[in-house]
Amino acid sequence: MKELVSYLKGDKAIWTFVALLALFSFMPVFSASSNLAYIGLGTGNTLGYLLKHFFHIGVGFAIIFGVHKIPYHYFRTFSKFLLPIVWFLLLLTLINGRVVGGANASRWLQVPFMGFSFQTSTLAAVVLFIFVARYLSKKREEPDSFQTSVIQLWIPVFVTLILILPANFSTTALIFSMVLMLAFIGRYPIKHIGIVIGCAIASFLFFLLLAKAFPESHFFSRVNTWGSRIENFTTDKADEDDYQIEKAKIAIASGQLGGLGPGKSVQKNFLPQSSSDFIYAIIIEEYGLIGGVVIIFLYLLLLMRFVVASHKASTLFGKLVVVGLGFPMIFQAMINMGVAVELLPVTGQTLPLISSGGSSIWITCFALGIIINVTKKDEEIEEEQKEKLKNKELRDEALQRLIDKEMDEENLDEESYSIEEQSKNPMEAVMK
């Protein structure tokens, strides 16, 4: 075990909290997947969903381990080239997106020949946050005019948000809020942030006007859903979302202090998206108020470590990357919990590292890998560099030995088959 831990660099507390959340997720996912098992397979066997979740978590930790070995400043350059690729993927999702797991929105893109799909908006969020952190850290040293920042920063931000908005308003709002927070922390002028907010509101209103003008268009199909959710949240009008909230509240009330026990949830059989969007309600029903508070406490501890990591980062880019990638995870978790207890309207936000899903877990783990890389100490970086140098020297020595061996064999062959005349008689070689 100690040997395994020695391979894990960076903030050990972040590693610990992430591992605890991931380990805890198995029981709720195994229990809450019965709804999907009956709907999808008709058998009620949730073992397949448990194994699938185990695979997703396993691959996720492999991603964390692999990414945390890559120096985080490499992603500073990658973000500039990845952003156009992300725009292309988001456009494909808008045109040819699919529905996954009974959700009522086409937010997933099918990967050809691979048999799985992923939610492109999660990848777009990570790439965009790194891109914004790159710009702010660069222009902190060389300030630009507002007009230049509009071209280099805000137009790419708005293009990304516009491509996400038609299918996922909550994710768009979360990403935009985080970008504004990054701009504020990066000391972008307050008055310019105000102008950007005004432009964003005007753009959103224009989008709503287009939706009213073309109500039958595929790109505006979600607008009515947004309106109905806000209306249902502020009134007592019943619909599908109200049904989900009622079942979630029944689950929470049934849990009381200690819960019904692992796997003994009743509402998981009636609550849509019980293993993803509303898994927090199932957690409280099975583990009670104590279990719900423990989950909140783990997320808050993770937030605290993100704050410490951002404070200790040696570069401004590192500080902004930790804030841009770490804080959205915690806010997303709070939104998910707020929806379950009806503090917020229904959204499509999952509970990071706990809800079932493939791409959402993997992208979260990708972001965690970058954050952990930022938290590496100088001696850990130096140790890795020495290890890389040692490995390079070993490879060079092995290559040199191979070359020497080949040279020796060639020299031996030349001596064995040499036609050089050894005798004093010049005609002896011809006669032989």
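Every chain is numbered independently, its residues counted from 1 as its sequence is written. The model is predicted, so local features are restricted to residues of pLDDT at least 70 and side-chain atom pairs to those at 80 or more, both for listing and for counting; the totals for chains, interfaces and linings are taken over all residues. Derived side-chain values reflect all non-hydrogen atoms in the structure, with water molecules and hydrogen atoms excluded from consideration.

## Topic: the overall build of the chain
- In this text, helices come from DSSP runs of H or I with a minimum length of four residues, and strands from runs of E with a minimum of two, each type numbered from the N-terminal end. When you go through the chain residue by residue, the secondary structure sums to 16 helices and two strands.
- Each residue's exposure class comes from its accessible area (1.4 Å probe, protein chains only) as a fraction of the maximum for that residue type: buried when under 20%, exposed when over 50%, partly exposed otherwise. Counting across all 432 residues of the chain, residues that qualify as buried make up 45%.
- Looking at the chain alone, contacts between residues at least 24 apart form 72% of all its contacts between residues at least 6 apart.
- Note that accessible areas follow from Shrake-Rupley with a 1.4 Å probe, and for residues the cover is restricted to the protein chains shown. In the form shown here, the chain has an accessible surface area of approximately 23100 Å², with 66% of it arising from carbon and sulfur atoms. A contact between two residues is defined here by any heavy atoms of the two lying within 4.5 Å.

## With respect to empty space enclosed by the protein
- Definitions used throughout: a 1 Å grid over protein atoms alone; a cavity as a set of points that fits a 1.4 Å probe which cannot get out; a pocket as an open set with protein on both sides within 12 Å along at least five of seven lines; a lining residue as one with an atom within 4 Å of a point. Grid points are joined across faces, edges and corners, and a volume is the space filled by probe spheres set on the points. Evaluation of the coordinates by the stated rule reveals three cavities of 30 Å³ or more.
- Forming the boundary of the largest cavity are 27 residues, of which Thr 122, Ala 125, Gln 332, Gln 349 and Thr 364 lie nearest the centre.
- Of all the secondary structure elements, the ones that give two or more residues to the lining of the largest cavity are helix H6 (120–141), helix H8 (169–185), helix H13 (316–340) and helix H14 (359–374).
- Grouping the amino acids of the lining of the largest cavity by side-chain chemistry returns 15 nonpolar, twelve polar and no charged. Polarity classes work like this: nonpolar for Ala, Val, Leu, Ile, Met, Phe, Trp, Tyr, Cys and Pro, charged for Asp, Glu, Lys and Arg, and polar for all others, with Gly in that last group.

## Considerations on the packing of helix H7 (residues 146–164) against helix H9 (residues 190–213)
- Helix axes are fitted to C-alpha atoms over the stretch in contact, other axes to C-alpha atoms as well, and angles between N-to-C directions run from 0 to 180 degrees. Between H7 and H9, the least distance of the axes is 12 Å, while the angle of their chain directions is 40°. By the criterion of interaxial angle, the relationship of H7 to H9 is oblique. As H7 runs across H9, the sense of the crossing is right-handed. Contact residues: Phe 146, Trp 154 and Phe 158 in H7; His 192, Ile 195, Val 196 and Ala 200 in H9.
- Residue composition of the contact of H7 with H9, grouped by class: six nonpolar, one polar and no charged. In these notes the angle categories are as follows: under 35 degrees is roughly parallel, over 145 is roughly antiparallel, 65 to 115 is roughly perpendicular, and the rest is oblique. Take the far helix as your reference; a near helix turned counterclockwise from it by less than a right angle gives a left-handed crossing, and one turned clockwise gives a right-handed crossing.

## Some points on the layout of surface pockets
- Of the pockets and cavities examined, the second largest pocket occupies roughly 500 Å³.
- Taken together, 21 residues make up the lining of the second largest pocket; nearest its centre are Leu 165, Thr 172, Ala 200, Ser 203 and Phe 204.
- Per element, the largest residue contribution to the lining of the second largest pocket is eight residues, and it comes from H9.

## Let's talk about a nonpolar patch on the surface
- Here, patches come from residues exposed beyond 30% relative accessible area and free of salt bridges, joined within 9 Å for like charges and within 5 Å for nonpolar side chains (Val, Leu, Ile, Met, Phe, Trp, Tyr). Between Lys or Arg on one side and Asp or Glu on the other, a salt bridge is scored when a side-chain nitrogen of the former is within 4 Å of a carboxyl oxygen of the latter. Together, Ile 70, Tyr 74, Phe 78, Leu 82 and Ile 85 line one region of the surface with nonpolar side chains, adding up to about 440 Å² of accessible area.
- Inspection of the secondary structure assignment puts Ile 85 in helix H5 (residues 74–96).

## Observations regarding the side chain of Glu 286
- Among the secondary structure elements, Glu 286 is positioned in helix H12 (residues 279–312).
- Buried charge without a salt bridge: Glu 286, with Lys 268 as the nearest opposite-charge side chain at an N-O distance of 4.5 Å.
- Dropping the residues within four chain positions of it, Glu 286 is found in contact with Ser 31, Gly 258, Gly 259, Leu 260, Gly 261, Pro 262, Gly 263, Lys 264, Ser 265 and Lys 268. Positive charges come from Lys and Arg alone, negative charges from Asp and Glu alone, with His and the N- and C-terminal ends not counted.

## As for the packing of H8 against H9
- Where H8 contacts H9, the two axes come as close as 10 Å, and the packing angle between them is 165°. In this view, H8 runs roughly antiparallel relative to H9, as classed from their interaxial angle. Considering the relative orientation of H8 and H9, their crossing is right-handed. Of H9, the residues touching H8 (which contributes Phe 169, Phe 176, Leu 180, Ala 183 and Phe 184) are Ile 190, Ile 193, Val 196, Ile 197, Ala 200 and Phe 204.
- Residues that form the contact of H8 with H9 fall into these classes: eleven nonpolar, no polar and no charged.

## Describing the pattern of salt bridges
- All chains considered together, the criterion is met by three salt bridges.
- Between Lys 249 and Glu 342 there is a salt bridge, with the nearest N and O atoms lying 2.9 Å from each other. Highlighted residues: Lys 249 in helix H11 (residues 240–255) and Glu 342 in the loop between H13 and H14, separated in sequence by 93 residues.
- One salt-bridge network, in which partners are shared between bridges, spans Glu 246, Lys 249 and Glu 342.

## Concerning the packing of aromatic side chains
- Working definition: rings of Phe, Tyr and Trp (its six-membered ring) pair if their centres are within 6.5 Å, and the pair is stacked with planes under 30 degrees apart, edge-to-face with planes over 60 apart, and tilted otherwise. Under the definition given, this model contains ten aromatic pairs.
- Aromatic side chains Phe 169 and Phe 204 sit 5.4 Å apart centroid to centroid with 35° between the ring planes, which places their arrangement in the tilted category. With Phe 169 in helix H8 and Phe 204 in helix H9, the pair connects residues that are 35 residues apart, well separated along the chain.
- Chaining the aromatic ring pairs together yields one cluster made of Phe 75, Phe 78 and Phe 366.

## Comments concerning the environment of Lys 264
- With respect to the helices and strands, Lys 264 occurs in the loop between H11 and H12.
- Through-space distance from the C-alpha of Lys 264 to that of Ser 31 is 7.8 Å; in sequence the pair is 233 residues apart.

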